[in-house]
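Given next are the chains, with one letter for each unit.
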Amino acid sequence: MAEFFLELFSEEIPAGLQKNLREKLLEEFQNFFLEKSINSKKSFSLSTPNRLIIVFEGLDKEIKLLSQEIKGPNVNAPEQALEGFMRSNKIEKKDLFKNKNEKGEFYFYKTETKLIKTSDLLIEFVPKLLENYQWKKSMKWGEYDLNWGRPLKSILSIFDKKVIDFNFHHLSSSNSTYIDKDFEEKKKNFSDFKSYEKYFKKEGIFIDQDKRQETIKKEFSKILNKRKLMINDNPRLFDEVVNLVDNPNVLICSFDKKFLSIPKEILVLTMQSHQKYFPTFDEKGEITNEFLIVANKKDQKGLIKIGNERVVEARLSDAEFFWNKDKNQNLVKKVSELKSISFFKGLGTYFDKVQRMRKLGGMISDELLISKDKVELSASICKTDLTSDLVREFPELQGIMGGYFSKHQGFDKDISLALTEQYLPIGLDSKAPKKPFSVALSVSDKIDTLVGFFGINEKPTSSKDPFALRRIALGIIRTIIENKKNLKVNDLLSYSSSLYQDQGFNFTNHDISKELDNFLKDRFRYYMKEKEIRFDIVDATISSFSLNKLFSSFEKANCLNKIIYKQLGLDITSSYKRASNILDSELKNKEIEIANTTDPGIFKTDFEKNLYKKINDIKKYYSNINNDENYEQSLSILASAKKEIFEFFDNVKVNEENETLRKNRLELINMLCKSFQNFINFQLLKTNNE
């Protein structure tokens, strides 16, 4: 048994590319050994910013290729075919023999059993694998033809303590690697992974990303617990930092407390996104002037700490200057500046957009019974922070800064909050706006964007959604459902389209209404599936709902989903299915037309009368409810009909010879099915044994 050990040393690979490189290359090697029937006991991949390491332990040193019969051309084939077969397999005519199968008589030859060295296979395979690796982003450098994430400097390739010799573009494999990424004249030879790992551990280098992560977490906890501080949970930033260092050293730094007067979002964004630092918060959740950094070496003289503090001070000084300048700029006066900022080609400027949003927001305010003037004012100024220096410097803060500016200038708190939350929600798990004015602004913004992009045929495809329209549509659905409101979405879409027309923007998409309806239905379907609603309930809901009833439709589906496997759900589905199956069976291929009413005057049994009364009770219940339907109660009422339904079918012959009686009984069953369908399209539900 032998060890295969590969190290690729390069300039620093970006953190975002390392994980994919580790996993994909390891997977390719595993597939190769599996295909060649080469056994191994253990395999893993590691990485640092400069090094990618692949290790296989317990590999077979050689494999035995058993003798097998190779079929050639038919014995009646042209001579040229036979010559080609012999040439490609490097054999002579004396090596051939004839054999028959169900398709005729063919030439065959039998290979010899032979041993193949794993090292020989690796010499051929490794350069091919490296050549075929697909980078998300790659580069060329110098005069070389090699495409790699960053300049590749050396390849260490060892099998069974010996070098696997191959060439890869301008590089030749060897048993040596650079031991200091800053001084590349320092190289060292290694014969196996154990000695390699031991050497770098002694030098304080963590070649294992998992051990780096564990070390950083421990250092974080030690410092934070001592100071009674905490940091935000940010797995993405943490993973990135882990892949930016190989000799992690956690430092606590600080900045001048005067900067705490700046909105905390600016502080957090400056430290997290721009500098890869970790801002800290006290026990009350308030941001402090201390932050954690992960350096890539020991800070013997304290210079790393000083340097990072200077960088943060400089950036926060700029942010403070912009904040003091922008916060006093009158937002109402700045609305006209939006005329110079394009929203999108064919959809006008942001000034045009806020004028449309004002009117959409006014329509929503009527439904939410809130101040139309406040909604229209919030819509008018909601994009003015795009003209500020702060948002130009920190684009991620658009909306948030508008909220701060409006609050500083004394606007109503509902308006400030609406400006802050106008882009929410930004995904399936992010917070959705809950205050009415925030809901009105968020929905009007998203409706306007959705209608505009569909109108000019900038729609998502199966693989691409460059303008995040799926996310925007999901945001509309989430906001409506989570606020337990039924907004008239169809009316809003239609009104939005007319507002574009009023401004002189002519849409090229003439099927916009139908396409938007289908698009939002598809997003609603996705939302319900993510909420783990049973697939047939999702189908039944989609088939019988209107965009104007999004919340009601979801609540019905959710309530039914909760009880579908309980006795209540079993009673409902079994009752409906028994009725609908008989109705379908009797009406199939028969020339009989039934009405939506039945004649109780010709009932022959109490079972018909009892079922008729129960159906009327259900119809009466639905006629007395408006928008305040209690869905649990509705389901209980439907389930309570099981007794009358089953007694009817157990005691009454539906397929009566008397056509009048048969027709009347079928009409009774039809009335029953329709009364159930006031709730949902039960026809699409599956019983639990289907």
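These numbers come from a predicted model, not from an experiment.

Draft legend 1. Structural context of the overall build of the protein chain. Scanning the protein chain from terminus to terminus reveals 24 helices and 20 strands. Relative to the globule expectation of 26 Å for 690 residues, the C-alpha radius of gyration of the protein chain, 36 Å, shows a markedly less compact shape. Expressed as lengths along the three principal axes of its C-alpha atoms, the size of the protein chain is roughly 100 × 90 × 55 Å. Within the protein chain, buried positions represent 49% of all 690 residues. Of all intrachain contacts in the protein chain linking residues separated by at least 6 positions in sequence, the fraction that spans at least 24 positions is 69%. Here the protein chain displays about 35,700 Å² of accessible surface, and carbon together with sulfur accounts for 46% of that area. Here the protein chain contributes 113 positive and 103 negative side-chain charges, whose respective centroids are spaced 2 Å apart.

Draft legend 2. Structural detail: the packing of helix H21 (residues 606-623) against helix H22 (residues 631-639). Interhelical geometry of H21 versus H22 gives an angle of 170 degrees and a closest axis separation of 10 Å. Here H22 runs roughly antiparallel to H21, going by the angle between their axes. Across the interface between the two elements, Lys614, Ile618, Tyr621 and Tyr622 of H21 pack against Gln633, Ser634, Ile637 and Leu638 of H22. The residue inventory of the contact of H21 with H22, partitioned by class, reads five nonpolar, two polar and one charged.

Draft legend 3. Region of interest: the packing of aromatic side chains. Enumeration over the complete set of coordinates arrives at 50 aromatic pairs. Relative to Phe193, the ring of Phe5 has its centre 5.5 Å away and its plane inclined at 75 degrees; by these criteria the two rings are edge-to-face. Of this pair, Phe5 sits in strand E1 (residues 2-10) while Phe193 is found in helix H4 (residues 193-202), placing the two residues 188 residues apart along the sequence. The same class applies to Phe5 as to Phe193, namely buried. Ring geometry for Tyr133 against Trp135: centres 5.0 Å apart, planes inclined by 85 degrees, an arrangement best described as edge-to-face. An identical accessibility class is assigned to Tyr133 and Trp135; each is buried. Through a chain of ring-to-ring contacts, the aromatic side chains of Phe5, Phe44, Phe190, Phe193, Tyr196, Tyr199 and Phe200 assemble into a single cluster. Between the NZ or CZ atom of Lys339 and the centre of the ring of Phe351, over which it lies, the distance is 4.8 Å.

Draft legend 4. Fine view of the environment of Gly58. Along the chain, the position of Gly58 falls in strand E3 (residues 51-59). Between the C-alpha atoms of Gly58 and Glu3, which are 55 residues apart in sequence, the distance is 6.0 Å. Setting aside residues up to four positions removed in sequence, Gly58 forms contacts with Met1, Ala2, Asn39, Ser40 and Lys41.

Draft legend 5. Local environment of the packing of helix H19 (residues 550-563) against H22. It is the contact of H19 with H22, at a shortest axis distance of 9 Å, that shows an interaxial angle of 55 degrees. One element, H19, and the other, H22, form an angle in the oblique class. The two elements H19 and H22 cross, and the hand of that crossing is right-handed. Residues Ser552, Glu555, Lys556, Cys559, Leu560 and Ile563 of H19 form the contact with H22, whose own contacting residues are Tyr631, Glu632 and Leu635. Looking at the contact of H19 with H22, its residues break down into five nonpolar, one polar and three charged.

Draft legend 6. The arrangement of a positive patch on the surface in detail. A cluster of like positive charges, contributed by Lys188, Lys194, Lys198 and Lys202, occupies part of the molecular surface. A per-element tally of the positive patch places H4 first, with three residues. With respect to the helices and strands, Lys194 occurs in helix H4. What makes Lys194 exposed here is its relative accessible area of 65%.

Draft legend 7. Summary view of the pairing of E3. Burial runs high along E3: eight of the nine residues are buried. Summarising the sheet, E1 and E3 pair through seven bridges and their orientation is antiparallel. Across the sheet, the residue bridging to Glu7 is Ile53, located in E3. As defined by bridge partners, strand E2 (residues 42-47) adjoins E3 across six bridges and the pair is classed as antiparallel. By the bridge assignment for E3, Ser45 is matched with Ile54. Counting the residues in the hairpin turn of E2 and E3 gives three residues.

Draft legend 8. Just the nonpolar core, in detail. Within the largest apolar cluster, 129 residues are counted, with the highest numbers of intra-cluster contacts made by Ile447, Leu450, Phe524, Leu560, Phe676, Phe679 and Phe682. Sort the elements by how many residues they give to this core and helix H14 (residues 436-455) lands first, with ten residues. In this structure Phe679 touches Lys556, Leu560, Tyr622, Glu629, Tyr631, Ser634, Leu635 and Leu638, once residues within four positions along its chain are discounted. Counting residues in each nonpolar core, the second largest holds 36 residues, with Phe4, Phe29, Leu59 and Phe159 among its members.

Draft legend 9. Representation of the pairing of strand E9 (residues 152-159) within the structure. Within E9, seven of the eight residues are buried, leaving the element largely enclosed by the surrounding structure. As judged from the seven bridges shared by E1 and E9, these two strands associate in the antiparallel manner. Looking across to E9, one finds that Leu8 is bridged to Ile155. Pairing between E9 and strand E10 (residues 162-163): two bridges, direction antiparallel. Bridging from a neighbouring strand, Ile158 pairs with Val163 of E10. Between E9 and E10, which follow one another and run antiparallel, lie two residues, and Asp160 among them has a positive phi close to 55 degrees.

Draft legend 10. Expanded view of unusual backbone geometry. For the bond running from Leu424 to Pro425, omega is -10 degrees, close enough to zero to count as cis. Here Pro425 lies in the loop between helix H13 (413-421) and H14. One non-glycine residue, Lys228, lies in the positive phi region at around 55 degrees. Even without glycine at this site, Asn457 takes up a positive phi of about 65 degrees. With respect to the secondary-structure elements, Asn457 resides in the loop between H14 and helix H15 (469-482).

Draft legend 11. Quick peek at the pattern of salt bridges. Evaluated as defined, the whole model comprises 39 salt bridges. In this structure, the salt-bridge partner of Arg356 is Asp448, at a minimum N-O distance of 2.6 Å. With a gap of 92 residues between them, Arg356 in helix H9 (residues 350-368) and Asp448 in helix H14 connect regions that are remote in the sequence. With respect to class, Arg356 is no different from Asp448; both count as buried.

Draft legend 12. Inspection of the side chain of Thr288 at higher detail. On the secondary structure map, Thr288 appears in strand E18 (residues 287-295). Residue classification places Thr288 among the buried residues on the basis of a relative accessible area of 11%. Polar contacts involving the side chain of Thr288 include one to the side chain of Thr280, which spans 2.5 Å. One polar contact links the side chain of Thr288 to the main-chain amide nitrogen of Glu290, over a distance of 3.1 Å. The contacts of Thr288, once residues within four sequence positions are left out, are Leu229, Phe255, Leu260, Thr280, Phe281 and Asp282.

Criteria and thresholds
- Residues numbered from 1 in each chain as written.
- Predicted model: local features only at pLDDT ≥ 70, side-chain atom pairs only at ≥ 80, totals over all residues.
- Heavy atoms only, no water.
- Helix = DSSP H or I, 4+ residues; strand = E, 2+ residues; numbered from the N terminus.
- Rg over C-alpha atoms; globule rule 2.2 N^0.38 Å.
- Buried < 20%, exposed > 50% of the residue type's maximum accessible area, 1.4 Å probe, protein only.
- Contact = heavy atoms within 4.5 Å.
- Areas by Shrake-Rupley, 256 points an atom, 1.4 Å probe, with all protein chains shown as cover.
- Lys, Arg positive; Asp, Glu negative; His and termini not counted.
- Charge placed at Lys NZ, Arg CZ, Asp CG, Glu CD.
- Axes fitted to C-alpha atoms, helices over the stretch in contact; angles between N-to-C directions.
- Parallel < 35°, antiparallel > 145°, perpendicular 65-115°, else oblique.
- Nonpolar A, V, L, I, M, F, W, Y, C, P; charged D, E, K, R; others polar.
- Phe/Tyr/Trp six-rings, centres within 6.5 Å; stacked < 30°, edge-to-face > 60°.
- Lys NZ or Arg CZ within 6 Å of the ring centre and 35° of its normal.
- Left-handed = near helix turned anticlockwise from the far one by under 90°.
- Patch = residues over 30% accessible without salt bridge, like charges linked within 9 Å, V, L, I, M, F, W, Y side chains within 5 Å.
- Salt bridge = Lys/Arg side-chain N within 4 Å of Asp/Glu carboxyl O.
- Pairing = 2+ DSSP bridges.
- Core = buried A, V, L, I, M, F, W, Y, C linked by side-chain atoms within 4.5 Å.
- Polar contact = N/O pair within 3.5 Å; in protein donor to acceptor, adjacent residues only side chain to side chain.

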